[in-house]
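Examination of the molecular architecture
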Amino acid sequence: MRLRADRRRTLILLAAVLLPSAALLAISVRLVRQERELAERRFVQSRRGAAERLGQDLTVRLERIRTGALLALQDGRIIAGDSGLVLAAVVRKDHFALPWESADAPRTAAVGDLLARGNGAEFGGEAVRADSLYRQVEVLAADSATQLLARLYRARTLARNGRSTEARTLYTRLLEVPLHIRDEEDMPLALYAAQWLRAQGETRTRIADVLSPQLAHAALGPVALYALREQVHVADSLRVEQRIAEAEQLLALRRDYAAVRSNALARAGAEWLPYGPQLWLIAPDTHHIVVVRSATLLNQSSARLTRDAAYNSEPLGASLAGLFAVIPDAQVAGEDVAVNGWLLPIAILLTLIITSLAAYLGWRDLRRETRAGALRTQFVSSVSHELKTPLTAIRMYAELLRMGIEHAPEKRADYLNTIVSESERLTRLINNVLDFSRIERDEKSYQLAPCSLEQLAHEIERTMSYPLAQSGLELHVAVQPDLPPVQADADALAQATLNLLSNAVKFRRPEPTATRIDFIVERQNGCVFLRVKDRGRGIAAGAQPHIFEKFYRSPEVEADGIPGTGLGLALVAHIARGHGGGVEVETEPGAGSTFSIRIPLAAS
């Protein structure tokens with residue numbers, strides 16, 4: 001009847017909690033789905049708006065760069081570093097000059113003739129005559145570039161003819177020449193000097209200290225940059241690699257310029273076109289070309305420009321045709337969208353958590369009350385049975401003695417020993433119940449005093465000798481010699497040990513090889529261990545974590561009808577903890593168990 005009532009209360013509790021929760025969850029899911037669809041639409045609109053604003057901002061910046069470049073454009077080309085401008089040049093018949101391409105030096109006919117004659121003498125083996133001609137060029141040339149070129153030829157002539165000391169002096173001075181001073185092949189004169197000095201054993205560090213500072217301002221072609229890469233500091237090599245990539249892309253742009261202009265005409269309204277793997281923006285028209293690095297336009301924005309239309313990219317407008325912006329979600333999603341998107345799920349989650357917690361607490365209290373009622377019923381039944389068994393035995397043997405049925409002295413002694421043994425068993429049972437009651441009221445205390453474990457072991461052996469003999473078991477007591485006294489409650493330790501021995505009797509196996517019980521007292525690692533080792537039925541793996549809980553009895557024990565209250569091991573654990581120690585168990589189903597009470601020795 002009680003079980004049916006408990007089930008009914010459980011069903012009512014679950015219905016009261018689960019039905020409203022299910023309804024709330026269904027409504028919430030629908031609202032969240034609708035809110036998510038609206039949020040996605042707002043998100044797409046916000047991303048498109050962000051792309052349009054970014055496109056307008058980029059267009060304004062690009063127009064500012066183009067206007068400044070065209071105003072400053074002189075002699076057909078200009079290049080600026082920090083502004084992001086790669087090239088601004090005059091276009092003539094789909095051709096434009098590149099920044100590193102030198103204009104012809106303004107030389108007189110006499111200077112040109114002297115250089116030609118000097119080259120002929122140098123390569124003809126007339127070193128002295130070649131040196132003299134180059135010296136004349138240094139004097140007569142009106143521009144410093146031609147003078148320095150003649151000095152380079154002189155150094156080359158001296159080096160060829162074994163005059164290395166004089167050549168080193170000239171090459172060392174030429175190393176200081178700015179990189180924008182080049183020969184007819186657009187190779188900086190300083191790089192010729194650097195290559196010769198390196199071949200003569202000069203360190204890269206010494207040469208790099210001169211050349212690296214000029215890297216940011218010199219306009220160099222691919223060939224010159226390849227040569228420069230081997231002469232600058234290692235830390236600047238990456239910058240040189242980037243400059244090489246840009247120079248090669250400029251060469252490719254000049255080759256492709258006709259197709260780029262055709263593409264611009266095909267895209268009506270497009271003022272800037274993307275070009276190249278480094279993604280430059282090009283403004284081609286009939287007379288000029290302006291090239292800008294796209295990476296310098298975004299400043300601190302986390303957006304990224306691309307020519308590929310990805311799922312999260314948006315076009316930047318007609319003036320930037322073919323260019324897309326990949327805008328991170330965090331930059332697009334505004335505070336309003338985030339709040340609307342997360343507030344409702346969080347509220348639903350909190351509601352479900354609170355509801356679930358309330359349901360769990362109610363279920364736990366109901367389960368605890370049901371279990372407590374079942375345990376109380378089981379405990380009363382077990383105690384009643386445990387009390388009835390020794391009382392029945394005592395009464396039966398007492399009546400036999402009163403009736404005088406047995407006159408043999410050995411029988412009378414046997415009856416009296418049974419009465420005494422059952423009385424002690426009854427006393428232990430009552431003491432267990434009383435001690436447990438004190439423990440429940442937190443009134444149980446232990447009177448610690450010096451205790452001889454050897455004497456305690458012999459008293460326990462005497463107490464259990466008759467019950468063990470009646471059960472066909474043998475108790476073997478082993479006490480380590482010279483054990484010091486321990487601070488303990490002798491009665492409590494005896495009660496704990498007797499509980500363990502009583503369990504060994506109750507859970508014995510009928511096999512002849514399982515009749516021995518060992519009671520061992522030994523010292524180990526600063527503690528004294530009282531061990532009870534049996535050869536009984538052992539403890540199942542599922543029951544082992546619960547055997548020290550109050551009222552616990554394993555299902556196998558209940559099924560076999562073995563009597564007990566479920567208090568013995570709980571009292572053993574409490575007594576061990578009350579002495580500052582603990583209780584341990586080693587067991588194997590079908591092979592027996594070893595219970596060990598650990599009592600710490602007082603520090604000497």
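Up top you'll find the structure we're talking about.
Just so it is clear, the model here is predicted, and its values are computed rather than measured.

So, how was this worked out
- Along each chain, residue indices are assigned from 1 in the same order as the chain's sequence is written.
- A pLDDT threshold of at least 70 governs which residues receive local features in this predicted model, and a stricter bar of 80 or more applies before side-chain atom pairs are shown or counted, although totals over entire chains, interfaces and linings include all residues.
- Here the side-chain values reflect all heavy atoms present in the structure, with hydrogen atoms and water set aside.
- Numbering goes from the N terminus for both helices and strands, where a helix is a DSSP run of H or I of at least four residues and a strand is a run of E of at least two.
- Per-residue accessibility, obtained with a 1.4 Å probe over protein chains only, is compared with the maximum for each type, and a residue is labelled buried under 20%, exposed over 50%, and partly exposed between these values.
- Two residues form a contact once any of their heavy atoms are found within 4.5 Å.
- Note on areas: Shrake-Rupley, 1.4 Å probe, and residue coverage restricted to the protein chains presented here.
- At least two bridges found by DSSP between two strands is the condition for calling them paired.
- By definition here, a salt bridge exists when the distance from a side-chain nitrogen of Lys or Arg to a carboxyl oxygen of Asp or Glu is within 4 Å.
- Of the two site types, the cavity is a set of points on a 1 Å grid over the protein atoms alone where a 1.4 Å probe fits but cannot get out, and the pocket is an open set with protein on both sides within 12 Å along at least five of seven lines, each lined by residues with an atom within 4 Å of a point.
- Grid points are joined across faces, edges and corners, and a volume is the space filled by probe spheres set on the points.
- Residue type decides the class: Asp, Glu, Lys and Arg count as charged, Ala, Val, Leu, Ile, Met, Phe, Trp, Tyr, Cys and Pro as nonpolar, and the leftover types, Gly among them, as polar.
- What makes a nonpolar core is a set of buried Ala, Val, Leu, Ile, Met, Phe, Trp, Tyr and Cys residues whose side-chain atoms join them at distances within 4.5 Å.
- Axis definition: a line fitted to C-alpha atoms, over the contacting stretch in the case of helices. Angles run 0 to 180 degrees between N-to-C directions.
- Put simply, angles under 35 degrees are roughly parallel, angles over 145 are roughly antiparallel, angles from 65 to 115 are roughly perpendicular, and the rest are oblique.
- Excluding any residue in a salt bridge, patches collect residues exceeding 30% relative accessible area, merging like charges within 9 Å and nonpolar Val, Leu, Ile, Met, Phe, Trp and Tyr side chains within 5 Å.
- Pairs were defined over the aromatic rings of Phe, Tyr and Trp, the Trp ring being its six-membered one, requiring ring centres within 6.5 Å. Orientation was assigned from the angle between planes: stacked under 30 degrees, edge-to-face over 60, tilted for the rest.
- Here the expected span of a helix is defined as 1.5 Å times the quantity of residues minus one.
- It is the directions from the helix axis to the C-beta atoms whose arc is reported.

**Side note on the overall build of the protein chain**
Tallying secondary structure elements over the protein chain gives 16 helices and 15 strands in all. The proportion of buried residues among the 604 residues of the protein chain is 41%. When contacts within the protein chain are restricted to residue pairs at least 6 apart in sequence, those whose partners lie at least 24 apart make up 64%. About 33,400 Å² of surface is accessible on the protein chain, with carbon and sulfur atoms providing 55% of the total.

**A short note on the side chain of S237**
As for its position among the elements, S237 is in helix α9 (residues 237-266). Filtering out sequence-adjacent residues up to four positions away, S237 remains in contact with R204, R229 and V232.

**Points about the pairing of strand β4 (residues 280-284)**
Looking down a regular strand, the side chains alternate between one sheet face and the other. Most of β4 is tucked away, with 5 of its 5 residues classed as buried. Strand direction decides the pairing type here: strand β3 (residues 273-275) and β4, joined by 3 bridges, are antiparallel. Across the sheet, the residue bridging to L273 is I282, located in β4. In the sheet, β4 pairs with strand β5 (residues 288-293) via 5 bridges, with the strands oriented antiparallel. Its bridge partner being in β5, W280 is matched across the sheet by R293. The turn joining β4 and β5, which pair antiparallel and follow one another in sequence, is formed by 3 residues.

**Considerations on the pattern of salt bridges**
Tallying each qualifying case throughout the model produces 21 salt bridges. Note that E138 is salt-bridged to R151, the shortest N-O span being 3.4 Å. Remark: R151 occurs in helix α4 (residues 144-160) and E138 occurs in helix α3 (residues 127-140); sequence separation between them is 13 residues. Residue E138 shares its accessibility class with R151, and that shared class is buried. Residue E138 is joined to R154 by a salt bridge in which the shortest nitrogen-to-oxygen separation is 3.2 Å. Of this pair, E138 sits in helix α3 while R154 is found in helix α4, placing the two residues 16 residues apart along the sequence. On the basis of relative accessible area, E138 is assigned to the buried category, the value being 17%. Using a relative accessible area of 9% as the deciding quantity, one classes R154 as buried.

**Observations concerning empty space enclosed by the protein**
Per the stated rule, a full pass over the model turns up 1 cavity of 30 Å³ or more. The computed volume of the largest cavity comes to approximately 30 Å³. L473, A504, R508, A514, R516, I517, D534, R535 and G536 are the residues that line the largest cavity. Residues that form the lining of the largest cavity fall into these classes: 4 nonpolar, 1 polar and 4 charged.

**Description of the nonpolar core**
Judged by nonpolar contacts, the single largest core of 67 residues is most densely connected at F96, Y171, L211, L228, L253 and I289. Here L253 is in contact with F96, V260, Y275, I282, I289 and V291, once residues within four sequence places are set aside. L483, I517, V528 and L601 belong to the second-largest nonpolar core, a separate cluster that totals 41 residues.

**Brief notes about the packing of helix α6 (residues 189-199) against helix α7 (residues 204-211)**
At a minimum axis separation of 10 Å, α6 and α7 run at an interaxial angle of 170°. By the angle class used here, α6 and α7 are roughly antiparallel. On α7, the residues that touch A190, L191, A194, L197 and R198 of α6 are R204, I207 and L211. Class assignment of the residues belonging to the contact of α6 with α7 gives a composition of 6 nonpolar, no polar and 2 charged.

**Thoughts on unusual backbone geometry**
A positive phi angle, close to 60°, is found at D94, a residue other than glycine. Topologically, D94 is positioned in the loop between β2 (85-90) and α2 (109-123). The phi angle at N525 is positive, at roughly 55°, despite the residue not being glycine. Relative to the elements of secondary structure, N525 occurs in the loop between β12 (516-524) and β13 (527-533).

**Here's the deal with a nonpolar patch on the surface**
Among the surface-exposed residues, I346, L349, L350 and I353 lie close enough to one another that they form a single nonpolar patch of about 380 Å² accessible area. Checked against the element boundaries, I346 lands in helix α11 (residues 335-403).

**Structural notes on the packing of aromatic side chains**
On inspection of all chains with the given rule, the structure shows 4 aromatic pairs. Both rings, one in Y134 and one in Y153, keep their centres 5.4 Å apart while their planes meet at 50°; by these two values the pair is tilted. Taken together, the residues Y134 in helix α3 and Y153 in helix α4 connect sequence positions 19 residues apart. Since its relative accessible area comes to 0%, Y134 is described here as buried.

**Re the sheet that holds strand β15 (residues 592-600)**
Strand order in this open sheet of 5 strands is β10-β12-β13-β15-β14, and the pairing throughout is mixed. In this open sheet, the two strands that pair with only one neighbour each are β10 (474-479) and β14 (582-588). Averaged over neighbouring strand pairs, the angle between their axes works out to 15° when direction is ignored. On top of the sheet, helix α13 (residues 453-470) reaches β10, β12 and β13; it is set at about 175° to β10, its chief contact. Relative to the sheet, helix α14 (residues 490-506) contacts β10, β12, β13 and β15, its axis offset from that of β15 by approximately 175°.

**Focus: the sheet that holds strand β8 (residues 324-326)**
Pairing within the open sheet is antiparallel, and its 3 strands lie in the order β6-β8-β7. Lying at the two open borders of the sheet, with one neighbouring strand each, are β6 (304-306) and β7 (313-315). Across the sheet, the axes of successive neighbouring strands diverge by a mean angle of 35°, strand direction being ignored.

**A word on helix α5 (residues 164-175)**
The terminal C-alpha atoms of α5, which comprises 12 residues, lie 16 Å apart, in line with the 16 Å expected from a rise of 1.5 Å per residue. What α5 keeps buried is the set A167, L170, Y171, L174 and L175. All buried residues of α5 project into a common sector of 145° when viewed along the axis, lining one side. Elements that come into contact with the buried residues of α5 comprise α4, α6 and α7.

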